[in-house]
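Now for the letters of each chain:
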Amino acid sequence: MLRILAAAAVVASLAAPASATEITNSRSKSAKKQRCETTTEIGSRLARKRICMSEAEWREMRAQTRTDVEKILAQKQWEEND
């Protein structure tokens, strides 16, 4: 079960920067305040990635990650019941 959660976190962290870049390019940078976070790459003690998004984009990413994890857990639970 922890492997599934870790896999979901990796997928979400890989998908987020691309969508953040697209959203940033489509809107005016001066119209929103950016918040940056540094994340550690899974499997490395040294590799880090800096991700900058607006508060609304961070909320959207958290909601999408939560939805993805819930889908994975529901699917796993369904498979265990068979």
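Below, the structure is looked at part by part.

About the criteria used
Residues numbered from 1 in each chain as written. Predicted model: local features only at pLDDT ≥ 70, side-chain atom pairs only at ≥ 80, totals over all residues. Heavy atoms only, no water. Helix = DSSP H or I, 4+ residues; strand = E, 2+ residues; numbered from the N terminus. Buried < 20%, exposed > 50% of the residue type's maximum accessible area, 1.4 Å probe, protein only. Contact = heavy atoms within 4.5 Å. Areas by Shrake-Rupley, 256 points an atom, 1.4 Å probe, with all protein chains shown as cover. Salt bridge = Lys/Arg side-chain N within 4 Å of Asp/Glu carboxyl O. Expected span 1.5 Å × (residues − 1).

**Here we look at the overall build of the protein**
Per the secondary structure count, the protein includes 2 helices and 2 strands. What you see in the protein, going N to C, is helices and strands ordered as α-β-β-α. Here the protein holds 82 residues, and 17% of them are scored as buried. The long-range share in the protein, meaning contacts at least 24 apart out of those at least 6 apart in sequence, stands at 36%. Carbon together with sulfur atoms contributes 55% to the accessible area of the protein, which is approximately 6,500 Å² in total.

**Re the pattern of salt bridges**
Tallying each qualifying case throughout the model produces 3 salt bridges. A salt bridge links Glu37 to Arg35, with the shortest nitrogen-to-oxygen separation between them at 2.7 Å. Between Glu41 and Lys49 there is a salt bridge, with the nearest N and O atoms lying 3.9 Å from each other. When its relative accessible area of 29% is taken as the criterion, Lys49 is described as partly exposed. Salt bridges sharing partners connect three or more residues here, namely Arg35, Glu37 and Glu55.

**Regarding helix 2 (residues 55–81)**
Its 27 residues give helix 2 an end-to-end C-alpha distance of 39 Å, which sits within 8% of 39 Å, the value for a rise of 1.5 Å per residue. Taken residue by residue, helix 2 has Glu57, Trp58 and Val69 as its buried positions.

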